[in-house]
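One-letter residues, chain by chain:
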Amino acid sequence: MLVSRRSRVATLAACVALLLSAGACGTEQSGEADTQGHQVRLYGNDGNMLNTFPRELKDRAHLVDGMKGTTPMTPLPEDFKARLRAVDPELRDYLYAAEAYDAVMISALAAQLAGTTAPAAIAKQIVGVTNEGQRCEDAVGCLKLARTGQDIEYRGISLTRAGFTDAGEPATASYGTLHFDDQKLNDAKTEFVGAGDDSTASTKAPPKARKPRGKAGAPLTLGGLMPRTGALSLAYPPQAAAAALAVKEINAAGGVLGEPVVWIEGDDGTNPDIARATLASHVRKNVHVIIGAGASGVSKAILPDVVAAGLVMFSPANTDASLTTIEDNGLYFRTAPPDSLQGRALADVILRDGPRKVALVARKDSYGEGLQGYVRTELERAGLGSDKVKLLTYEPPANADSPPVDFSRGAREIKEFGADAVLLIGYAESAAVIVALDEAGVRIQQ
């Protein structure tokens, strides 16, 4: 009897020690994650952290509850949101709205300073519009200065700290950490963090402003190349509303080069073939500046065609870091920050929850694998060894008629790996990854 009691006491003491050191105690030992019942926390990125994303999961929309992620986002003034909703009363998200608005504004100001709609002349003014001049923040004030030939420093909705680098992209960025609750984003939980370095902003002086002489080529014509359809179509409404708002406000302020700016709608389809067809149509209609594309991979695919046509391409949503050094003949710009900055923000959000093993799942393209690589580097820098981080990719659907992503094998690998954190880098199609995890018996933390 005494031996039995001592045995039980020893067992209890061992169990308490295990509870304190490993956080679990029971009939099963769990040195590794319990593949039958352990929970994973989901994380996302700007392609899926949207109020419209849960509907991609249909009757499993509840699985997004508890999901966290990051997106390029600056705190948006309520007045700006109200102006956007006046354009589109059904607007539910604001992803890249600030960036789209600023891309249109900067293009218009650059054309006014150039004194012509010639794309090459506009391109030479774009970086300078954002740096080392008379600061201005709205269409009325900025256009007034530009018409007098005053060098300006535009600060808008997304561009608040520093201007563009020599490569034609933001030197600094703001990221929002978003949270899903009750199948929608909980704005009360949104946090903001800055990234980047003000000192990397360009200090090169732009060409001197020119007053329009003779035929300046007006009206300035902008061609949309946004994801109205395809895998990234969830992000279309805020970008479209913001571009329309910017054009409206520019024209209300007197337009550019004496005439109203013209906007021609266009779809990139989240597909290079559709984007090329839209681009060809824009070329025939004498568009000067392309606003888009939405997806980095689409922009990379068609940029040679844009350059051959001699047009400016200005994306509000491209984040693939390789676009910083792409051959563009000085014609490509973006208001969205490169993923080298977002990788740090995403890794920080994941690390705050203290994961032991992390699975990074990305769409198999330059955008997905690029951001995946940056996050992995940051996780490993923080101390998670290569044996604690698993990389997986999937082939994204070619078009809307393609069969859904089959991630069943990847889900099983994640379960066997024992990940307690899964990052989904993708667009609407990444909902299939969540479904596959659920069907594989992986318990998603709510």
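Within the UniProt record for the protein chain, the comment given under Sequence similarities (unreviewed entry) is "Belongs to the leucine-binding protein family."

Engineer: Go over the overall build of the protein chain, please, and point to the residues and values.
Structural biologist: On a plain count of helices and strands, the protein chain comes out with twelve helices and 16 strands. Its C-alpha radius of gyration of 25 Å places the protein chain within 12% of the 22 Å reference for a compact globule of 446 residues. Projected onto the principal axes, the alpha-carbon positions of the protein chain cover approximately 105 × 45 × 40 Å. Within the span of the protein chain, comprising 446 residues, buried residues form 54% of the whole.

Engineer: Lay out the packing of aromatic side chains in plain terms, naming residues and giving numbers.
Structural biologist: This model, assessed by the stated rule, comprises five aromatic pairs. Between phenylalanine 314 and phenylalanine 333, the ring centres sit 5.9 Å apart and the planes meet at 45°, which makes this aromatic pair tilted. In this pair, phenylalanine 314 is assigned in strand S11 (residues 312-315) and phenylalanine 333 in strand S12 (residues 332-334), connecting sequence segments 19 residues apart. With respect to class, phenylalanine 314 is no different from phenylalanine 333; both count as buried. An aromatic cluster is defined as three or more aromatic residues linked by ring pairs; in this entry it consists of Phe164, Phe314 and Phe333.

Engineer: Could you give an account of the UniProt feature "domain: Leucine-binding protein" (unreviewed entry) in the protein chain, with specific residues and numbers?
Structural biologist: Following the UniProt record, one finds the feature "domain: Leucine-binding protein" (unreviewed entry) at residues 219-443. Taken as a whole, residues 219-443 contains 41% helix and 16% strand, while its terminal C-alpha atoms sit 57 Å from one another.

Engineer: Any chance you could break down the state of the cysteines for me, citing the residues and the numbers?
Structural biologist: A full pass over the atoms with the stated rule returns one disulfide. Here cysteine 136 pairs with cysteine 142 through a disulfide, and the sulfurs are 2.2 Å apart. Disulfide cysteine 136 to cysteine 142: torsion about the S-S bond roughly 110°, handedness right-handed. Of the two residues examined, cysteine 136 and cysteine 142, each falls in the buried class.

Engineer: Break down the environment of aspartate 181 for me, with residues and values.
Structural biologist: You can see aspartate 181 is positioned in strand S5 (residues 172-181). Separated by 114 residues in the primary sequence, aspartate 181 and methionine 67 place their C-alpha atoms 8.0 Å from one another. When residues no more than four places from it in sequence are discounted, the contact partners of aspartate 181 are Asp65, Gly66, Asn186 and Lys189. A distance of 2.9 Å separates a polar atom in the side chain of aspartate 181 from a polar atom in the side chain of lysine 189.

Engineer: How would you explain the pairing of S11 if you had to name every residue and give the values?
Structural biologist: By the alternation rule, side chains of S11 split into Val312 and Phe314 and Met313 and Ser315, which are all buried. Pairing geometry for strand S10 (residues 289-292) and S11, over three bridges, is parallel. From the neighbouring strand, isoleucine 290 faces S11, where its bridge partner is methionine 313. Regarding the hand of the β-α-β motif, the stretch spanning S10, helix H8 (residues 296-309) and S11 is right-handed. Pairing between S11 and S12: three bridges, direction parallel.

About the criteria used
Residues numbered from 1 in each chain as written. Predicted model: local features only at pLDDT ≥ 70, side-chain atom pairs only at ≥ 80, totals over all residues. Heavy atoms only, no water. UniProt positions renumbered as here; feature names shortened; annotations may be inferred. Helix = DSSP H or I, 4+ residues; strand = E, 2+ residues; numbered from the N terminus. Rg over C-alpha atoms; globule rule 2.2 N^0.38 Å. Buried < 20%, exposed > 50% of the residue type's maximum accessible area, 1.4 Å probe, protein only. Phe/Tyr/Trp six-rings, centres within 6.5 Å; stacked < 30°, edge-to-face > 60°. Disulfide = S-S within 2.5 Å. Contact = heavy atoms within 4.5 Å. Polar contact = N/O pair within 3.5 Å; in protein donor to acceptor, adjacent residues only side chain to side chain. Pairing = 2+ DSSP bridges. Right-handed = clockwise from strand over helix to strand, strands pointing away.

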